[in-house]
Amino acid sequence: MPAFFIKTYGCQMNERDSEQVATQLRQRGYTAANSEAEADVVLLNTCSVRDMAEQKAIAKMQNLQGRKRKNPGLVIGFMGCMAQSRGGELATLIPKVDMVVGTQKYHKVADYIDQLFARQNPDMDSLRQPIVDTAEEAGSQNTIKDHALTTSQVTAFVSIMQGCNMHCTFCIVPSTRGAERSRPINEIVAEVRSLVTKGVKEVTLLGQIVNQYGRHEFPAVDGKTPFTQLLYALEEIDGLERIRFTSPHPIGYKKDLIQAFRELKKLCEHIHLPLQSGSDRILKAMHRTYTADKYRRLVDEIRAASPGIAITTDIIVGFPGETEEDYQATRKLVEDVRFDNAFIFRYSERRNTPAADYPDKVAEEIKDARNKDLLGVIDVIAEQNATDLMGKTVEILVEGPSKTKASRLMGRTRTNKLVIFEGDNRHRGQILPVKIIDNTAFTFYGDPVIHL
Ligand code: SF4
């Protein structure tokens, strides 16, 4: 059977979607190629969040098109967010592309690949048109549910919803992923139970606006939103040790979710809390529906409920109209909140988003300077936080060999800090106490506290 290779750009949801496609292709008998060069089918699962990600995927596909000219049997296709937003335009731009499949059609990819191989029959040559499918499909959120676990894999992503209705003015996601659609709680619980029977100890729940899960489909029960109901249901699963979620919106942290951080032992002490800007004027222009002050109060409430919780964030610098004063308000908020880490993005204009038409664009060199300055602030805070952690004993879940040195093991603390240590492979999947002895930037090094 032909071998396939999937190259994934962008976020964890794309990683999860690629895993689903890979599982279905394997079920049809296709094999996973070790590299793109060995594959008969190469699929690019694309991202549209930044222009750079789109350009990279287009350049890669042009390169694959060159290979296909020499090897016409090679099947090449786009999937994911850029496929959704640009559709047939991509097939015009790259005429040799065989398939362009959007974000609500991942479950059809295996069928389409079968059809493409059937068309290689010379009798069917007249049908040689690219397959383009970017239609919406009711219930497509329920199709991302199969896993391709490697042996001894102890962490897994679980997709619980698709889409976003928030319409932040800089964001292309509502048009690439569609409206919010959530899976039923019982199906998610069954999926996690099944993962646990295969050795998974930690799940990360995924959604574009994950803590607003189920708000259109399921009622609140006893003051608990559907997302919190899901967390409490997962807490009951024997053998599951840790629960994480990403990516949330600050407005989704209602009282019941904050209470869950007090009550649920499996809910890890790490939240991602995208700030985007510390200026109320810019937050309003971004349509972020909270103020800097409200955000600060939320951080205080979360820290009161879960002392020592790690907080990470996303920030955009150089949004249209951002003045030096606006930027300084962001900088001050970052210094005050003391984030454990932050992903800083220079504003990138996205087509069909309101902010693309906003006046007062910020010059690239100003974006660069603010980006660099803010990264410096984050680094100083990270170094101070790391010093606080030195000599302390933390609990890690051992995930497997370190990516940089296979003879060492890596794991994560409940606060999502990466820890490398000398250990034995039999400790994979165990929860171990480790004493932190050293660090470089955002990686820590530890000594197991118990005798190994
Ligand atoms: S909440 Fe997140 S995914 Fe939704 S529009 Fe805003 S930035 Fe995009």
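Residues numbered from 1 in each chain as written. Predicted model: local features only at pLDDT ≥ 70, side-chain atom pairs only at ≥ 80, totals over all residues. Heavy atoms only, no water.

## Some words on the overall build of the protein chain
So the rule is basically this: By the criteria applied, helices consist of DSSP H or I runs no shorter than four residues and strands consist of E runs no shorter than two, each listed in order from the N terminus. Restricting the calculation to C-alpha atoms gives the radius of gyration, and the globule rule supplies 2.2 Å times the number of residues raised to the power 0.38. Burial classes: relative accessible area under 20% of the type maximum marks a residue as buried, over 50% as exposed, and values in between as partly exposed (1.4 Å probe, protein chains only). In what follows, residue pairs with any heavy atoms lying within 4.5 Å of each other are defined as contacts. Per-residue accessibility takes into account occlusion by the displayed protein chains alone, with areas from the Shrake-Rupley method and a 1.4 Å probe.
Scanning the protein chain from terminus to terminus reveals 13 helices and 19 strands. What you see for the protein chain is a C-alpha radius of gyration of 23 Å, in line with the 22 Å of a compact globule of 452 residues. Along the first, second and third principal axes, the C-alpha atoms of the protein chain reach 70 × 60 × 45 Å. Within the protein chain, buried positions represent 54% of all 452 residues. Considering only intrachain contacts with a sequence separation of at least 6, the fraction spanning at least 24 residues in the protein chain is 72%. Here the protein chain displays about 19700 Å² of accessible surface, and carbon together with sulfur accounts for 51% of that area.

## With respect to the domain arrangement of the protein chain
Defined as follows: By convention here, the domain bounds are inherited from an automatic or database domain assignment. Put simply, buried area is the surface a 1.4 Å probe can reach on two separate parts but cannot reach once they are joined, added for both. Put simply, a salt bridge is a Lys or Arg side-chain nitrogen that is within 4 Å of an Asp or Glu carboxyl oxygen. We call two N or O atoms a polar contact when they sit within 3.5 Å, provided that within protein one can donate a hydrogen and the other can accept it, with sequence-adjacent residues counted only if both atoms are side-chain atoms. Three classes are used: nonpolar for Ala, Val, Leu, Ile, Met, Phe, Trp, Tyr, Cys and Pro, charged for Asp, Glu, Lys and Arg, and polar for all others, with Gly counted as polar.
Along its sequence, the protein chain is carved into domain 1 (3-133), domain 2 (140-388) and domain 3 (393-448). The distance between the C-alpha centroids of domain 1 and domain 2 comes to 29 Å. Opposite the 23 residues of domain 1 that make contact, domain 2 presents 30 residues. Summed over both partners, the interface of domain 1 with domain 2 comes to about 2300 Å²; 50% of that surface belongs to carbon and sulfur atoms. Counting the surface domain 1 buries against domain 2, the share from its top three residues, Met13, Arg16 and Arg50, is 30%. For the pair domain 1 and domain 2, the interface holds 5 salt bridges. Along the contact surface separating domain 1 from domain 2 lie 17 residue pairs in polar contact (both at pLDDT 80 or more). For the side of domain 1 that touches domain 2, the secondary-structure elements that each account for two or more residues are helix H1 (12-27), helix H2 (51-70) and helix H3 (80-86). At 10 residues, H1 tops the list of elements feeding residues into the side of domain 1 that touches domain 2. For the side of domain 1 that touches domain 2, a count of residues per class yields 4 nonpolar, 11 polar and 8 charged.

## Observations concerning the sheet that holds strand E10 (residues 202-206)
Our working rule: Between any two strands, pairing holds if DSSP finds at least two bridges. Note on geometry: axes are lines fitted to C-alpha atoms, helical ones only across the stretch in contact, with angles between N-to-C directions running from 0 to 180 degrees.
Here 3 strands make up an open sheet; going across it, the order is E7-E10-E11 and the pairing parallel. For this open sheet the edge positions go to strand E7 (155-159) and strand E11 (242-246), each flanked by a neighbour on one side alone. The sheet shows a mean angle of 25 degrees between the axes of neighbouring strands, taken without regard to direction. Relative to E10, E7 runs parallel, the two being bridged by 5 bridges. From the neighbouring strand, Ala156 faces E10, where its bridge partner is Val203. Lying on the sheet, helix H7 (residues 185-197) is in contact with E7 and E10; it crosses E7 at an angle near 165 degrees.

## Re the side chain of Arg350
For Arg350, the position within the fold is in the loop between strand E14 (341-346) and helix H13 (364-389). Classification of Arg350 by relative accessible area gives buried; the value is 2%. A polar contact of 2.7 Å, which involves the side chain of Arg350, links it to the backbone oxygen of Ser48. Contacts of Arg350, omitting those with residues within four sequence positions, involve Ser48, Val49, Arg50, Asp51, Glu54, Phe170, Ile172 and Ala356.

## Focus: the site of the ligand
We apply this condition: One heavy atom within 4 Å of a molecule or strand is enough for the residue carrying it to be called near that molecule or strand.
As a matter of local geometry, the ligand sits amid Cys164, Met166, His167, Cys168, Phe170, Cys171, Val173, Pro174, Gln208, His249 and Arg288. Across the shell around the ligand, the residue classes break down as 7 nonpolar, 3 polar and 1 charged.

## Regarding the packing of helix H12 (residues 324-337) against H13
Test applied: Angles are sorted into four bins: roughly parallel if under 35 degrees, roughly antiparallel if over 145, roughly perpendicular if 65 to 115, and oblique for all others. Each crossing is labelled by how the near helix is turned from the far one, with a counterclockwise turn of less than a right angle marking it left-handed and a clockwise turn marking it right-handed.
One way to put it is that H12 packs onto H13 with a least axis distance of 10 Å and a crossing angle of 15 degrees. With respect to their mutual orientation, H12 and H13 come out roughly parallel. Between H12 and H13 lies a crossing of right-handed hand. Mapping the contact onto sequence places Glu324, Tyr327, Thr330, Arg331, Val334 and Glu335 in H12 and Arg370, Asp373, Leu374, Val377, Ile378 and Ile381 in H13. A breakdown of the residues in the contact of H12 with H13 according to their chemical character gives 6 nonpolar, 1 polar and 5 charged.

## Thoughts on the packing of helix H8 (residues 226-235) against helix H9 (residues 255-263)
When two helices pack together, their arrangement is captured by the angle between the axes and the distance separating the axes. Running from N to C, H8 and H9 cross one another at 15 degrees; their axes reach a closest spacing of 9 Å. Accordingly, the angle class assigned to the pair H8 and H9 is roughly parallel. With respect to the hand of their crossing, H8 and H9 are arranged in left-handed fashion. Note on element contacts: H9 touches H8 through Asp256, Leu257, Gln259, Ala260 and Glu263, opposite Phe227, Thr228, Leu231 and Tyr232.

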